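Overview (structure and organization)
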Amino acid sequence: MFLSIGLFFVFVSGLKAQDFKSLHLVARFDTIDEKVLGTVYHQVAVGEDVDQLVLNAIRMEIKSLQLDGEDWDFEQNDTALFIPIKEAERGELQLRIEYEAKPNKGIYFIGWQDETRRARRQIWTQGQGIDHRHWIPHHDDQTDKILFSAEWIFNSDYQIMSNGQLDSMVTKEGESHWYYSMDKPMSSYLIAMALGNYVASAQMIKGTPHILYHYPDRIADSAWYYYRHQHIASFLEGEINYEYPWRNYKQAPVMDFRHGAMENTCATIFGDFFLVDSIAFNDRNYTYVDAHEFAHQWFGNLVTAAGSEHHWLHEGFATYYQWLSEEELYGSNHYDWELFKARELIEGAAARDSLPLAHPKAGVERFYQKGGWLLHMLRNYVGDSVYRVVIDDYLHRYTHQVVHNEDLIALFEKHSDKDIRAFFDLWLYGKKEPSLRIRHSPIKEALVTDLSEAMPQELEFAFLVNGKWRFQKHQIPKGRSMVLIPDSCTAYYLAKVDDLLLTLDDESMTSEYYRIAFEANDDLAARCRYMREWPQWEEDLDFIKSVAENKQNFHWLRAEAIRAFVRISKDRNQEKALVESLLRSTKDVQLQKAIMTVVLKEKMDIDAQILADLRQYGGSYELRSSALQASIDPDNLANMKWLNDAHWAEQPGIVGHDLYLQTLFYRFAFFRDQEALAKMLDFAGPSFDFNTRMNALSFLSYLPIDADLYWQRLFEAFQNKNWKLSKMGREKLLDLQSKEAAQFKKAYRKARRDWDDFQKQKAERTFEKE
Ligand SMILES: [Zn+2]
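Note that the structure is a prediction, hence the values are computed from the model and not measured.

What follows deals with helix α7 (residues 364-382). A rise of 1.5 Å per residue sets the reference length of α7, with its 19 residues, at 27 Å; its end C-alpha atoms lie 26 Å apart and thus fit the reference within 8%. Along α7, the largest kink reaches about 30 degrees and is centred on K370. The element α7 is extensively covered by neighbouring structure, given that 16 of its 19 residues are classed as buried.

Take the UniProt feature "domain: Peptidase M1 membrane alanine aminopeptidase" (unreviewed entry) in the protein chain next. Those places that UniProt annotates as "domain: Peptidase M1 membrane alanine aminopeptidase" (unreviewed entry) correspond, in this numbering, to residues 231-427. Helix makes up 57% of residues 231-427 and strand 9%, with an end-to-end C-alpha separation of 32 Å.

We now examine the coordination of the zinc ion. The protein atoms that coordinate the zinc ion are H292 (NE2), H296 (NE2) and E315 (OE), at distances spanning 2.0 to 2.1 Å. Mapped onto the sequence, the residues coordinating the zinc ion show the spacing H-x3-H-x18-E. Of the two residues, H292 and H296 both sit in helix α4 (residues 287-296), 4 residues apart, roughly one turn of that helix. Note on accessibility: H292 and H296 belong to one class, buried.

Turning our eyes to something else, we now look at the pairing of strand β25 (residues 446-451). Taken across its 6 residues, β25 has 5 buried, putting it largely inside the fold. Of the strand pairs in this sheet, strand β24 (residues 435-440) and β25 are connected by 5 bridges, and their pairing is antiparallel. When the bridges of β25 are listed, R437 appears paired with D450. Connecting β24 to the antiparallel partner β25 that follows it, the hairpin turn spans 5 residues. Pairing between β25 and strand β28 (residues 479-484): 6 bridges, direction antiparallel.

As a further point, take the domain arrangement of the protein chain. Once the domains are mapped, the protein chain shows domain 1 (1-196), domain 2 (304-427) and domain 3 (654-767). For domain 1 and domain 2, the distance between their C-alpha centres works out to 33 Å. Counting the surface lost from both domain 1 and domain 2, the interface buries some 640 Å², and carbon and sulfur atoms represent 51% of this. Partitioning the side of domain 1 that touches domain 2 into residue classes produces 2 nonpolar, 4 polar and 2 charged.

On to the sheet that holds strand β19 (residues 249-254), then. One open sheet holds the 5 strands; their spatial order is β17-β18-β19-β21-β20, and the pairing between them is mixed. Both outer strands of the open sheet, β17 (199-205) and β20 (261-262), are each paired with one neighbouring strand and no more. Bridge analysis of strand β18 (residues 208-214) against β19 gives 3 bridges, and the strand direction is parallel. Each bridged residue has a counterpart across the sheet, and for H210 the counterpart in β19 is Y249.

Okay, the nonpolar core next. If you look at the biggest cluster of nonpolar residues, it comprises 260 residues, and the most contacted ones within it are F29, W152, W312 and Y321. Dropping the residues within four chain positions of it, W312 is found in contact with F317, L357, F367, G371, L374, L375, N405, L408, F424 and L428.

For D131, the position within the fold is in the loop between β10 (122-125) and β11 (145-155). Buried charge without a partner: D131 forms no salt bridge, and the closest opposite charge is K105, 4.5 Å away. Not counting chain neighbours up to four residues away, the residues in contact with D131 comprise K105, G106, Y108, Q126 and D140.

Analysis parameters
Residues numbered from 1 in each chain as written. Predicted model: local features only at pLDDT ≥ 70, side-chain atom pairs only at ≥ 80, totals over all residues. Heavy atoms only, no water. Helix = DSSP H or I, 4+ residues; strand = E, 2+ residues; numbered from the N terminus. Expected span 1.5 Å × (residues − 1). Bend = angle between axes of the 7 residues up to and from the residue. Buried < 20%, exposed > 50% of the residue type's maximum accessible area, 1.4 Å probe, protein only. UniProt positions renumbered as here; feature names shortened; annotations may be inferred. Donors = N, O, S within 2.8 Å, 3.2 Å for Na, K, Ca; no water. Pairing = 2+ DSSP bridges. Domains from an automatic or database assignment. Buried area = accessible area lost by both parts, 1.4 Å probe. Nonpolar A, V, L, I, M, F, W, Y, C, P; charged D, E, K, R; others polar. Core = buried A, V, L, I, M, F, W, Y, C linked by side-chain atoms within 4.5 Å. Contact = heavy atoms within 4.5 Å. Lys, Arg positive; Asp, Glu negative; His and termini not counted. Salt bridge = Lys/Arg side-chain N within 4 Å of Asp/Glu carboxyl O.

Shown next as structure tokens:
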């Protein structure tokens, strides 16, 4: 090694003197040793002051390297290649590298080790942030955009999806060559490939071919997992108002994906846990992810952030456009609900630390949810037309380029006369979301406000004067201030306050105001908030019940009303009657799910026939699961024969497996059913997806079992490259290592026999440290 790691990073990110122009990759795969056999061709422009090229390449075996057609000397360490060049070779150079990699990241071999051949056999990639350097020697820097093309070579029984256009596919001697090419540059973290057993369907949307990949055995449910894709895509393209920037768009599901989905340029890859049927659709659906990744094709792929402190320019925008698409599909109530759920996540982040959104470590909840919220507030602040003008300017000005936060801010300053600097100082660079406290002045008829941070947006007060609502806007300063209450005012509320990311502590809302404000304010989030904060007034119970029963109300509000009812009522029979009548009468699955959460939390003993119906026919698997939980009665095992019903084994997909696992768990826990145990151990093994394996391991860990196969399953999980599954295996094994040291030792020695060096080292670092 001749450069320290620290110096190396400074060099690569600081100097633009090596500018990679294109990357052509030829790759074959060895599925037994999980290796990539590749040849990569780089075209690179080299500046005057450069005397070596530096490429990121983690532990790669270089077979040969040529510069402009000549064999070339190079240096290498565990993370990089260094290629010396002389003055004579500057300008535009061609670099060819033939190599072999056995990567632990960036590309994943799934299911090839499953001897039962029940697992799907796939190879897929995930580059973001800097993982492609594990399998392609290249300049792995998102600020250096390249023209990408590839020739993928594999067994003709499989299909391959990749970035760009499939120019041709040639089959020779049982092997196919897929030639894909891009005609516009992109950052290398967006390089993608998904290989598996797929069928594809194509449709034209606004002049662009959209190619959707399916598992042949799940194609019957495609209307549910690609629910209204055409509608989402054409809506977004219209909303963003900039023509879709790539030649086509593709999406493919993969097994054991580590995130939800990844917006690789025109080749989105997503976790197959989104392959829902009509029932699981009500628990988890792909529509919001579909919209999110599609929005990234502009925000992130076309215009790319320069670094982590600007990361919300990808995720905030994608989240915001995802919400707008959900509003388009499901209505404005749904949009408000999403905003509210996002607010809760942001509050969670604020309880953890106080980093600004423009911080490299701001965290997922800020990059995504707070970024989305920022855009929601910004559009309200500057107005719809200014917002659209800025977005148009932003996308055109920075097409295929790299941007910083200040680039976007400058455009808002250019097109808007509002105090843009103050807005971004608070919401982007500020460490905390503001909080507002309001009290009644004891001296005069006024509201005393106490605002923690200066906020450029005004607050709108609604005052009820002589039977009419009067609206007043006020710019509330930081610290304490006063808002005068008009003469003869009998009630008031804060209008549109739920459109601000603000913590509100309103002590001035006296009890009788709640009902008045609830009826006057038609903002859904505000009405839900009133329900949550409703004082303990039993006189209001009939009114709250009417809100819960009103079919016109959105399920979120009805659920809040049910919770308020249960909180205020002191009569369990009354609560049970409301819950049972709603469960019987409503067809709203989200409402039923919310009600069952209350039933479980309050340990309500509800009608057995309702539970039996929901267990078997409930419109969501979560709902069936809640009904199952509520039906468990350890004191009356004879009443639990339904655990053996055949239909549990027939629930498809990952959510269905989870429900089946619950019944297996109780069958073993209560009846020591050995067949159930064997099935659980099978679900915990490599034939199944990581979610099912984790659920199975989680259930197994509560049971008194000492099977060799259980230990084997834990070590398999620990060694899996899916970090969630691996983390679970690690935690459970560390726990067992301290509690059952002798058995652990024996199982560890046995498992070790099958491991390669990397796996042995991983285990030593975890279990053999002092
Ligand atoms: Zn995203």
